[in-house]
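Given next are the chains, with one letter for each unit.
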Amino acid sequence: MYLSNAQRTRLVLAYLCRHPGRISDYLRHCCFSKNPLDKELPWWSYEAIDWAAKNLNADHRVFEWGSGGSSVFLSRLCKSVLSIENDAEWHRRMIRKIQQRSILNLQVRKKEICLTNQEGFENSEYCEALSESYDLIVIDGEDSFGPCSSWSAREVCFKRAEKWVNPNGFILVDDSWRYPIIPRESRAKKTVRFQSIGPCRKGVTTTDLHFY
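Structure report, in brief. (Residues numbered from 1 in each chain as written. Predicted model: local features only at pLDDT ≥ 70, side-chain atom pairs only at ≥ 80, totals over all residues. Heavy atoms only, no water.)

1. Considerations on the overall build of the protein
Put simply, the rule is: The helix and strand labels rest on DSSP assignments: H or I over at least four residues marks a helix, E over at least two residues marks a strand, and numbering proceeds from the N terminus. Whether a residue is buried, partly exposed or exposed follows from its accessible area with a 1.4 Å probe, protein chains only, as a fraction of its type maximum: under 20%, in between, or over 50%, in that order. A 1.4 Å probe and the Shrake-Rupley method give the accessible areas. Residues count as covered only by the protein chains that appear here.
Each helix and strand in the protein was counted, giving ten helices and seven strands. Per-residue burial for the protein yields a buried fraction of 51% across its 212 residues. Element-wise, carbon and sulfur atoms account for 50% of the exposed surface of the protein, whose accessible area totals about 10,700 Å².

Written out as structure tokens, the structure reads:
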């Protein structure tokens, strides 16, 4: 459900009242910053970021639909990160960041995408880029989602991800409030929803983690 600006403001204020320790994060990373890549942080909820920082380690291999600050962040925690990007200019920015930071365990590959219809997306390079098993699969990339959409690219990605996630692995879905069908159809052992503010966001969002 889409919220009005007034509703978003009330949610943020209510969250900060319950979690006053996040006020400094909100002022530093949300109010005056628009680009998670500059912050080298995921565009997820803070609670999901905290979970990743505590639970991911150098044995984990990561696949990610959608590149950005999360790619750099995960490369510091995990053995390897493969991120798939469809936007040519953003891909160039990611390559510059990798070179500037001399990151050796992060690959960002540009893949063509089709968002015209579900079948076209399922057969696109972007969707089919996931073709082997990973410990963490992140679904945070391009989508066809909208009030008038009859299908969602991220829902398609989730179904594919369930075929390739390792035993005891995880699938992370950002902006999960948009996709109520995903937790209903998930085959995960359990699903945890992290609802909070996040870097470079003006409002409250949700990030779901599916445990396999």
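2. Description of the sheet that holds strand 6 (residues 190-196)
This is how it is decided: DSSP-based pairing: two strands are paired if at least 2 bridges between them are found. All axes here are fitted lines through C-alpha atoms, helices being fitted over the stretch that makes contact, and every angle between N-to-C directions spans 0 to 180 degrees. Contacts are residue-level and defined by heavy atoms, with any inter-residue pair within 4.5 Å sufficient.
One open sheet accounts for seven strands, arranged 3-2-1-4-5-7-6; its pairing is mixed. Strand pairing shows two members of the sheet lacking a second neighbour, strand 3 (106-110) and strand 6, which therefore form its edges. Across the sheet, the mean angle from the axis of one strand to that of its neighbour is 15 degrees, orientation sign disregarded. Together, strand 5 (165-174), strand 6 and strand 7 (205-211) form the strand contacts of helix 4 (residues 46-55), whose direction differs from that of strand 6 by roughly 125 degrees. Helix 6 (residues 88-101) contacts strand 2 (80-85) and strand 3 of the sheet and is inclined by roughly 160 degrees relative to strand 3.

3. Notes on unusual backbone geometry
Positive phi, close to 55 degrees, is recorded for glutamate 40, a residue that is not glycine. Among the structural elements, glutamate 40 can be located in the loop between helix 3 (36-39) and helix 4. Even without a glycine there, the phi angle at aspartate 175 is positive, about 55 degrees. With respect to the element layout, aspartate 175 can be found in the loop between strand 5 and helix 10 (181-185). Classification of aspartate 175 as buried rests on a relative accessible area of 8%.

4. A word on the side chain of aspartate 143
Here is the rule: The charge count treats Lys and Arg as positive and Asp and Glu as negative. His and the chain ends do not count. Salt bridge, as used here, is a side-chain nitrogen of Lys or Arg placed within 4 Å of a carboxyl oxygen of Asp or Glu. A 3.5 Å cut-off defines polar contacts: any pair of N or O atoms within that distance qualifies, except that in protein one atom must be a possible hydrogen donor and the other a possible acceptor, and neighbouring residues in sequence count only when both atoms are side-chain atoms.
Relative to the helices and strands, aspartate 143 is located in the loop between strand 4 (134-139) and helix 9 (153-164). Buried charged residue aspartate 143 carries no salt bridge. Nearest counter-charge: arginine 154, at 4.4 Å. One polar contact links aspartate 143 to serine 152, side chain to side chain, over a distance of 3.3 Å. Within the local environment of aspartate 143, its side chain forms a polar contact with the backbone nitrogen of alanine 153, the two atoms lying 2.6 Å apart.

5. Digging into helix 9
Worth spelling out the cut-off: Expected helix span is computed as 1.5 Å times (number of residues minus one).
For helix 9, built from twelve residues, the straight-helix expectation of 16 Å at 1.5 Å per residue is met to within 8% by its first-to-last C-alpha distance of 17 Å. Three or more residues of helix 9 are buried, namely Ala153, Arg154, Val156, Cys157, Phe158, Ala161 and Glu162. For helix 9, the N-terminal capping position is held by serine 152, with its side-chain oxygen 3.2 Å away from the main-chain nitrogen of arginine 154.

6. Description of the pattern of salt bridges
Within this structure, the stated rule accounts for eleven salt bridges. The partner of arginine 61 in a salt bridge is glutamate 132, with the nearest N and O atoms 3.0 Å apart. On the criterion of sequence distance, the pair formed by arginine 61 in strand 1 (residues 61-65) and glutamate 132 in the loop between helix 8 (125-128) and strand 4 is long-range, its members being 71 residues apart. A residue is classified by how much of its surface remains accessible, and arginine 61, at 25% relative accessible area, is partly exposed. For the salt bridge of lysine 110 with glutamate 112, the shortest nitrogen-to-oxygen distance reads 2.8 Å. Classification of lysine 110 as partly exposed rests on a relative accessible area of 33%.

7. Focus on the packing of aromatic side chains
Two descriptors summarise a pair of aromatic rings, namely the distance from one centre to the other and the angle between the planes of the rings. Here is the rule we go by: Only the six-membered ring of Trp is used, alongside the rings of Phe and Tyr, when aromatic pairs are assigned; centres must lie within 6.5 Å, and planes under 30 degrees apart are stacked while those over 60 apart are edge-to-face, with the rest tilted. Both a distance and an angle decide whether a charge sits over a ring: NZ of Lys or CZ of Arg must be within 6 Å of the ring centre and within 35 degrees of the ring normal.
Applying the stated criterion across every chain, the model contains eight aromatic pairs. Aromatic side chains tryptophan 44 and phenylalanine 73 sit 6.4 Å apart centroid to centroid with 85 degrees between the ring planes, which places their arrangement in the edge-to-face category. Taken together, the residues span a long stretch of sequence, with tryptophan 44 in the loop between helix 3 and helix 4 and phenylalanine 73 in helix 5 (residues 69-77) at a distance of 29 residues. In textbook terms, an aromatic cluster arises when at least three aromatic residues are bridged by ring pairs, as seen for Trp51, Phe170 and Phe211. The ring of phenylalanine 211 has lysine 190 sitting right over it, with the charged end atom 4.7 Å from the ring centre.

8. Focus on the pairing of strand 3
Our working rule: The path from the first strand over the helix to the second decides the hand: if it runs clockwise while the strands point away from the viewer, the crossover is right-handed.
In the sheet, strand 2 pairs with strand 3 via five bridges, with the strands oriented parallel. Bridging from a neighbouring strand, leucine 82 pairs with glutamine 107 of strand 3. Note that the unit made of strand 2, helix 6 and strand 3 has a crossover that is right-handed.

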